[in-house]
Each structure stands twice: as structure tokens, then as C-alpha cells.
Amino acid sequence: LAAEDTFFASLVRILGLRTGELHAAFAAPTDDEAFAPEMASPEEVAGWVDGVLAEAGSTLDLLKRRGSSLPDEVAPDVERLLGLREELRRSVKSVAGQNFGVVKTRHHGDYHLGQVLVVSNDFEIIDFEGEPARPLAERRKKHSPLRDVAGMLRSFDYAIRSALMDLGADRADQLETLEPWVRLWKERTGRSFLDGYREGVGDAASYPEDEEQARALIGLFTLEKALYEIRYELDNRPDWVGIPIKSVLDLLEDGEEDL
């Protein structure tokens, strides 16, 4: 088991490495305006934060309206999250309070485990058209590539929690017992991915020189993605909404370490 765990961590680190190399390539200087890196001012970064604040409010409002129709097992987490509205706002606004700019580039835009192929214990990244539901102009728009990092971290979370869902409601007692192991798996997997990413991205202009700023942005974009997932699941798969709700609660619990 230890050998398998080491092999998996090594594989995830390679995925992080390739992701970092991809973002370094996107950040390379070029005369092509469509791909040239650009500076996002502190005001623009503050605008990103305002966007997440708005999404947080609309998501909690939607969750409150739909709460009574959701599965009984998610009710405690729903109520807990609804009661943390102000804590959620403070966590998001803390990023804007740092008042920093960042270099933005083109990025994948729809990055998750379904967008990579394992080839000879390495990875090929596919499907660069961005989220199909978004307009082409928006998909071409430059942003911080750390949004891709957040997307992959969220994909790891879905992978482990969807596997646990397969255990079924008749084994719900085991799910509670397994929760500490889920958190440990997520922590180790995320760390391996980020270690590889940091090596791969190197000194690319799109990666903030201040590691605290990098962590703040990854936390912001991870929360942005989880909020989107709550809305998506409410509209399409209500039985799955507990996955992103738990993730938002985890981010708030971790506090400044993640946001």
C-alpha cells in the first residue's frame, strides 16, 4: 500500500509539473497580442474578488431557496454554510485587502482530470477550447492561470468524494469514519500537485513572486470554482451538492491558510 501511495503521489507531482510547464509556456514573451502576457492591476484583481463576492451571495441565496428539497443527509452542512455568510464574505475580501497585481495570460480554462491523458506514466493535456457553455470571446480572455490550478484541486476532491458516494447510504456510518482519511488524501494529493507545479512554472511571470499572494489567489479561485459547483449541482444533480458544500466549509475552516 505504501508503494502504491508513493507511486500515485509521484504521478500527481508529474501532473503538476506538466501543468506548470504549460503555464510557463503561456507566459513566454511574444509579439502575438492574443497570447502576450499582460499585467492585471490591483484594481482588476479587486474586480475578481468582487465577482466572487457576488457569486457567494447568489449561491447562498439559491441554496437557501432550494434547501428544503435537498437530501436529508446534506441538511446539516447546508444550514452550517448558510450561517457562515459573513465569514465567507470576510474570507473573500481579505484577498482584495492585499492590494497586489498579477500577470495574466491565456490558460486552459476548463482544467480537470477529464482533460488529461495518462501516457507511459506521464500526461498529455487536451481540450483547450475552454468551457463550451461560455462565449468564445470570454474563453479567449486572459486571466490568472492559477484558475487552472484551482480547477485541478477541485477535481481531486470530486474524485475521492464521488468514490465514497458509491459506498451507498446503507454504509453511511463508514463515511463518517473515513472523513479524516479523505482530508489526509486531499492534503497529500494537493501538496504533491502543487510541489510539481511550482517546479514546472519556474520563474514564469504569471506566478506571483510572493508565495502568500500565490496561495491567496489559488484559495480565491478554488472557492470560486466550488461556488459554481454548488449552483451547477443544485440545477443538475442535487444529490451531489454535498461535495462542493463540504469543500466551501473546509476552505472556511482552514481560514487564512487557504484564503
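Right above here is the structure, for reference.
Position numbers for residues start from 1 in each chain and track the written sequence from start to end. Only residues with pLDDT of at least 70 get local features here, since the model is predicted, and only at 80 or more are side-chain atom pairs given and counted; chain-wide, interface and lining totals rely on the full set of residues. With hydrogens and water excluded, all non-hydrogen atoms of the structure serve as input to the side-chain values.

A. Spotlight on the overall build of the chain. A count of helices and strands for the chain gives nine helices and four strands. Secondary structure of the chain in N-to-C order comes out as α-β-α-α-α-β-β-β-α-α-α-α-α. Radius of gyration here is computed from C-alpha atoms only, and the compact-globule reference equals 2.2 Å multiplied by the residue count raised to the power 0.38. For a compact globule of 259 residues, the expected C-alpha radius of gyration is about 18 Å, and the chain comes in at 18 Å, within 12% of that figure. Think of it in three bands: residues with accessible area under 20% of the maximum for their type are buried, residues over 50% are exposed, and the middle band is partly exposed, with areas taken using a 1.4 Å probe on protein chains only. Expressed as a percentage of its 259 residues, the buried residues of the chain come to 44%. The contact criterion used is simple: two residues touch if any of their non-hydrogen atoms lie within 4.5 Å. Restricting the contact set of the chain to residue pairs at least 6 apart, pairs at least 24 apart contribute 79%. Strands are runs of DSSP state E lasting at least 2 residues, helices are runs of H or I lasting at least 4, and numbering of each runs from the N terminus.

B. Representation of the pattern of salt bridges within the structure. What makes a salt bridge here is a side-chain nitrogen of Lys or Arg within 4 Å of a carboxyl oxygen of Asp or Glu, nothing more. All told, the structure shown has 24 salt bridges when counted by the stated rule. A salt bridge links Arg-154 to Glu-229; the nearest nitrogen and oxygen atoms lie 2.6 Å apart. A residue pair is termed long-range when its members are at least 10 positions apart, and Arg-154 in helix α6 (residues 146–165) and Glu-229 in helix α8 (residues 211–236) qualify at 75 residues. Neither residue differs from the other here; Arg-154 and Glu-229 are each classed as buried. For Arg-191, the salt bridge goes to Glu-187, with nearest N and O atoms at 2.7 Å. Remark: Glu-187 and Arg-191 occur in helix α7 (residues 172–201); sequence separation between them is four residues, near one turn of the helix. A cluster of three or more residues bridged by salt bridges with shared partners is formed by Arg-80, Arg-154, Asp-157, Arg-161, Arg-183, Lys-186, Glu-229, Asp-250 and Glu-253.

C. Quick look at the nonpolar core. Buried Ala, Val, Leu, Ile, Met, Phe, Trp, Tyr and Cys residues that are joined via side-chain atoms within 4.5 Å together make up what is termed a nonpolar core. Counting residues in hydrophobic clusters, the biggest one holds 58 residues, and the most contacted among them are Leu-81 and Val-248. Here the element with the most residues in this core is α8; it accounts for 11 residues. When sequence neighbours within four positions are dropped, the list of residues in contact with Val-248 reads Leu-81, Leu-88, Leu-223, Ala-226, Leu-227 and Ile-230.

D. Up close: the packing of helix α4 (residues 85–96) against α8. Whenever a helix is involved, its axis is fitted only over the stretch in contact; in every case the axis is a line through C-alpha atoms, and angles between N-to-C directions fall within 0 to 180 degrees. Where α4 meets α8, the closest approach of the two axes is 9 Å, and the angle between their N-to-C directions is 140°. Considering the angle they form, α4 stands oblique to α8. When the axes of α4 and α8 are compared, the crossing they make is left-handed. Contacts from Leu-88, Val-92 and Val-95 of α4 reach α8 at Ala-216, Leu-220 and Leu-223. Residues are grouped as follows: nonpolar covers Ala, Val, Leu, Ile, Met, Phe, Trp, Tyr, Cys and Pro; charged covers Asp, Glu, Lys and Arg; every other residue, Gly included, is treated as polar. Partitioning the contact of α4 with α8 into residue classes produces six nonpolar, no polar and no charged. By the definition adopted for this analysis, an angle is roughly parallel if under 35 degrees, roughly antiparallel if over 145, roughly perpendicular if from 65 to 115, and oblique otherwise. Two helices crossing with the near one rotated counterclockwise from the far one by less than a right angle form a left-handed crossing, whereas a clockwise rotation gives a right-handed crossing.

E. Representation of the packing of aromatic side chains in the model. Aromatic pairing here means that ring centres of Phe, Tyr or Trp (its six-membered ring) are within 6.5 Å. Orientation follows from the plane angle: under 30 degrees is stacked, over 60 is edge-to-face, and everything else is tilted. In total, this model carries six aromatic pairs according to the counting rule given. Aromatic pair Phe-156 and Phe-193: ring centres 5.6 Å apart, planes at 80°, arrangement edge-to-face. One end of the pair, Phe-156, is in helix α6; the other, Phe-193, is in helix α7, with 37 residues separating them in the sequence. Taken as a pair, Phe-156 and Phe-193 share a single burial class, namely buried. A cation sits over an aromatic face here: Arg-237 above Trp-240, 4.1 Å from the ring centre. Only Lys NZ and Arg CZ are tested; either one counts as a charge over a ring when it is within 6 Å of the ring centre and within 35 degrees of the ring normal.

F. Main features of the environment of Pro-145. Turning to its location among the elements, Pro-145 is positioned in the loop between α5 (136–140) and α6. Overall, the relative accessible area of 0% leaves Pro-145 in the buried class. Once the C-alpha coordinates of Pro-145 and Leu-17 are considered, the two residues, 128 residues apart in sequence, prove to be 14 Å apart. Those residues in contact with Pro-145 that sit more than four places away from it in its chain are His-23, Val-103, Thr-105, His-107 and Ser-206.

G. Quick peek at the environment of Asp-157. Relative to the elements of secondary structure, Asp-157 occurs in helix α6. Asp-157 sits 57 residues away from Phe-100 along the chain, and the two C-alpha atoms are 29 Å apart. Reaching out from Asp-157, the side chain makes a polar contact with the side chain of Arg-154 at a distance of 2.8 Å. Between N or O atoms, a polar contact is any pair within 3.5 Å; within protein, one atom must be a potential hydrogen donor and the other a potential acceptor, and residues adjacent in sequence are included only when both atoms are from side chains.

H. Structural detail: the side chain of Glu-229. For Glu-229, a relative accessible area of 8% corresponds to the buried category. Looking at Glu-229, its side chain comes within polar contact range of the side chain of Arg-154, at 2.6 Å. With residues near it in sequence (within four places) discarded, Glu-229 still touches Arg-154, Tyr-158 and Pro-244.

Shape is all these values report; function is a separate question.
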